[in-house]
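Examining the three-dimensional arrangement
The residues making up each chain are set out below.
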Amino acid sequence: MIDKYTGQVAFAVMSFGGFLGIGEKYNPLPWKMLTYDTRLGGYVVDFDRNKLEDAPSYTSADAPDWSDQSYTTRIDEYWLVIY
């Protein structure tokens, strides 16, 4: 997710659960949480499955209003990201 005002990456969206796209939910993660691992050739995060399961999420049927700053603030507060 790109912040349309700053042009900076604000969130990575991780898909979680479901089967073949059914029952899948999406977890926005603040970009600053991700660390690039050259050995893996991808980004990694340092938290356990329980933390992700309790995190703010949405489904394709109930996508959030990204212009609502209270939603993005709630994500940051959950993950304790300090800018």
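This report concerns the structure included in the present document. (Residues numbered from 1 in each chain as written. Predicted model: local features only at pLDDT ≥ 70, side-chain atom pairs only at ≥ 80, totals over all residues. Heavy atoms only, no water.)

On to the overall build of the protein chain. When you go through the protein chain residue by residue, the secondary structure sums to 2 helices and 4 strands. If you list the helices and strands of the protein chain from N to C, you get β-β-β-β-α-α. Residues classed as buried in the protein chain amount to 28% of the 83 residues present. Pairs at least 24 apart in sequence give 41% of the contacts found in the protein chain among residues at least 6 apart. When the accessible area of the protein chain is evaluated, it comes to approximately 6,100 Å², of which 53% is carbon and sulfur surface. (Helix = DSSP H or I, 4+ residues; strand = E, 2+ residues; numbered from the N terminus. Buried < 20%, exposed > 50% of the residue type's maximum accessible area, 1.4 Å probe, protein only. Contact = heavy atoms within 4.5 Å. Areas by Shrake-Rupley, 256 points an atom, 1.4 Å probe, with all protein chains shown as cover.)

Counting residues in hydrophobic clusters, the biggest one holds 13 residues, and the most contacted among them are Leu29, Leu34, Leu52, Ile75 and Trp79. Secondary structure elements with two or more residues in this core: β1 (11-16) and α2 (69-79). If we ignore the near neighbours within four places in the chain, the residues touching Leu52 are Met14, Phe16, Asn27, Leu29, Phe47 and Trp79. (Core = buried A, V, L, I, M, F, W, Y, C linked by side-chain atoms within 4.5 Å.)

Bringing the pattern of salt bridges into the picture now. By the definition in use, this model includes 2 salt bridges. As a salt-bridge pair, Arg39 and Asp37 come within 3.4 Å of each other at their nearest N and O atoms. Classification of Asp37 as buried rests on a relative accessible area of 14%. Residue Glu53 pairs with Arg49 through a salt bridge whose shortest N-O separation is 3.0 Å. (Salt bridge = Lys/Arg side-chain N within 4 Å of Asp/Glu carboxyl O.)

What follows covers the packing of aromatic side chains. In total, this model carries 8 aromatic pairs according to the counting rule given. Consider the rings of Tyr36 and Tyr43, whose centres lie 5.1 Å apart with planes at 75°: the pair is edge-to-face. An aromatic cluster is defined as three or more aromatic residues linked by ring pairs; in this entry it consists of Phe11, Tyr26, Tyr58, Trp66 and Tyr71. (Phe/Tyr/Trp six-rings, centres within 6.5 Å; stacked < 30°, edge-to-face > 60°.)

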